[in-house]
Amino acid sequence: MIKLKSKEEIQLMREAGKIVAETHELLKSAIIPGVSTFELDAIAEENIRKYNAVPSFKGYGGFKGSICASINNEVVHGIPGNKIVKEGDIISIDIGAYYKGYHGDSAKTHAVGVISEDNRKLIEVTRQSFYEGIKFAKIGYRLSDISHAIQTHVEKNGFSVVRDLVGHGVGTHLHEPPDVPNYGKPGKGPKLKAGMVLAIEPMVNMGKFNVKCLSDGWTIVTIDGKNSAHYEHTIVITENEPILLTSL
């Protein structure tokens, strides 16, 4: 069952979302060649907790980090640790904050120093596919209209959309109904209604869409070893345009 959020709930989620957005900005300037994912995790956790919020991911299903930090061919769920990012890498940072009973959830992929043109295109296409999708995040459309727009933009640019992982509803729980695939035929799924809060998160591969989980039980990587990018915001459906809850 999809729970529609009240104005009061949406305001609380906006506050959680601002903590997430600010944390992303802090990490953006910290992502330089030579930094470890553990150091990035520590920066994020300190900033989240200074607002008396809690990192949504820490302890979730046994996850050890406050953020997910996924490098190059790691799609999502990279565990922060001793890995050092290098010049030319790309790194996807996924951040969640739990504040006053509600979650905010957002992800971005960053360049580490100077990156290849192929990597730059991958990051930009992934980002833009999100914005193509939310053109349909309005009353009168169905959920898969968002999914179809994302897939169309990604594939026309020569990349592929991960099938095994999807976006989701957000609220008092980090993951709530409905699932939000980044692919599919239009005109399917529930009708969009004001008060729906969704984490829309294209995960886009440079090569094939196939992925696998590493032996750590968390890190998802591309099977062909090619790079992947991730872009996510928590949004709310309104009577008018959708609102990004995880922006400053």
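Summarised in this report is the structure supplied together with it. Residues take numbers from 1 onward in each chain, read along the sequence in its written order. The predicted nature of this model means local features are confined to residues of pLDDT at least 70 and side-chain atom pairs, given and counted, to a pLDDT of 80 or more, with totals for whole chains, interfaces and linings taken over all residues. Remark: hydrogens and water are excluded; side-chain values derive from all non-hydrogen atoms of the structure.

**Details of the overall build of the chain**
- Segments assigned H or I by DSSP are reported as helices when at least four residues long, segments assigned E as strands when at least two residues long, and all are numbered from the N terminus. Along the chain, the regular secondary structure elements total four helices and 15 strands.
- Here the C-alpha atoms of the chain give a radius of gyration of 17 Å, agreeing with the 18 Å that 2.2 N^0.38 yields for 248 residues.
- Projected onto its principal axes, the C-alpha positions of the chain cover 45 × 45 × 30 Å.
- Only protein chains enter the area calculation, which uses a 1.4 Å probe; residues under 20% of their type maximum are buried, those over 50% are exposed, and those in between are partly exposed. Per-residue burial over the chain gives 54% buried out of 248 residues.
- Only heavy atoms enter the contact rule, under which two residues are in contact if any of them lie within 4.5 Å. Considering only contacts within the chain whose residues lie at least 6 apart along the sequence, 71% involve residues at least 24 apart.
- Here the Shrake-Rupley method, with its probe set to 1.4 Å, supplies the accessible areas, and only the displayed protein chains count as covering residues. By element, 54% of the accessible surface of the chain is carried by carbon and sulfur atoms, the whole surface being about 10900 Å².
- Counting rule for charge: Lys and Arg are taken as positive, Asp and Glu as negative, and neither His nor the chain ends is counted. Charge positions are represented by NZ for Lys, CZ for Arg, CG for Asp and CD for Glu. Across the chain, the mean location of the 29 positive side-chain charges is 5 Å away from that of the 29 negative side-chain charges. As a reference, a globule follows 2.2 Å times the number of residues to the power 0.38, and the radius of gyration itself is taken over C-alpha atoms.

**Re the environment of G88**
- Mapping G88 onto the fold places it in the loop between β3 (74–76) and β4 (90–99).
- Given the relative accessible area of 23%, G88 is considered partly exposed.
- Here the alpha-carbon distance between G88 and C213, two residues 125 residues apart in the chain, equals 24 Å.
- Setting aside residues up to four positions removed in sequence, G88 forms contacts with V112, V114, I115 and N119.

**Thoughts on the sheet that holds β3**
- Should DSSP find at least two bridges between two strands, the strands are regarded as paired. Spatially, β3-β12-β11 is the arrangement adopted by the three strands of the open sheet, whose pairing is antiparallel. Strands with a single pairing partner mark the edges of an open sheet, and in this sheet they are β3 and β11 (211–213). Between one strand axis and the next, the sheet turns through 40 degrees on average, direction left out of account.
- Both β11 and strand β12 (residues 220–222) contribute to a ladder of three bridges, which runs antiparallel. The partner of K212 across the bridge, within β12, is V221. Between the N-to-C directions of two axes lies an angle of 0 to 180 degrees, each axis being a line fitted to C-alpha atoms and, for a helix, fitted only over the stretch in contact.

**Focus: the packing of helix α1 (residues 7–30) against helix α2 (residues 37–49)**
- Running from N to C, α1 and α2 cross one another at 150 degrees; their axes reach a closest spacing of 9 Å. Of the two possible hands of crossing, α1 and α2 adopt the one that is right-handed. Residue-level contacts link I19, E22, T23, L26, L27 and A30 of α1 to L40, I43, A44, N47 and I48 of α2.
- The residue inventory of the contact of α1 with α2, partitioned by class, reads eight nonpolar, two polar and one charged. Left-handed is the label given to a crossing in which the near helix is rotated counterclockwise from the far helix by less than a right angle, and right-handed is the label when the rotation is clockwise. Residue polarity follows a fixed list, in which Ala, Val, Leu, Ile, Met, Phe, Trp, Tyr, Cys and Pro are nonpolar, Asp, Glu, Lys and Arg are charged, and the others, Gly among them, are polar.

**Some details on the packing of aromatic side chains**
- Any two rings among Phe, Tyr and Trp, with Trp reduced to its six-membered ring, count as a pair given centres within 6.5 Å; such a pair is stacked if its planes are under 30 degrees apart, edge-to-face if over 60, and tilted if neither. One pass over the full model with this rule turns up five aromatic pairs.
- Here F130 and Y131 contribute two aromatic rings whose centre-to-centre distance is 4.9 Å and whose plane-to-plane angle is 90 degrees, an arrangement assigned as edge-to-face.
- Overall, F130 belongs to the buried group, its relative accessible area being 0%.
- Ring plane angle 80 degrees and centroid distance 5.1 Å describe the contact between F136 and Y141, whose orientation is recorded as edge-to-face.
- Taken together, the aromatic side chains of F130, Y131 and Y231 make up a single cluster linked through ring pairs.
- One residue, R163, lies across the ring of Y183, its end atom 4.9 Å from the ring centre.
- Over the aromatic face of F209 sits the side chain of R163, whose NZ or CZ is 4.3 Å from the ring centroid. A positively charged side chain is recorded as over a ring if its NZ (Lys) or CZ (Arg) lies within 6 Å of the ring centre. The angle to the ring normal must also be within 35 degrees.

**Focus: the packing of helix α3 (residues 117–133) against helix α4 (residues 143–156)**
- In contact at an axis separation of 8 Å, α3 and α4 are set at 150 degrees when each is read in the N-to-C sense. Crossing angle aside, the handedness with which α3 passes α4 is right-handed. Seen from α3, the contacting residues are V125, Q128, S129, E132 and G133; seen from α4, they are I146, A149, I150, H153 and V154.
- For the contact of α3 with α4, the per-class residue count stands at five nonpolar, four polar and one charged.

**What to know about the sheet that holds strand β13 (residues 228–230)**
- Reading across from one edge, β6-β10-β13 is the order of the three strands in this open sheet, with antiparallel pairing throughout. At either end of the open sheet lies a strand with only one pairing partner, and these are β6 (160–161) and β13.
- Pairing analysis gives three bridges linking strand β10 (residues 203–205) to β13, with the strands arranged antiparallel. Looking at the pairing, M203 lines up with H230 of β13.

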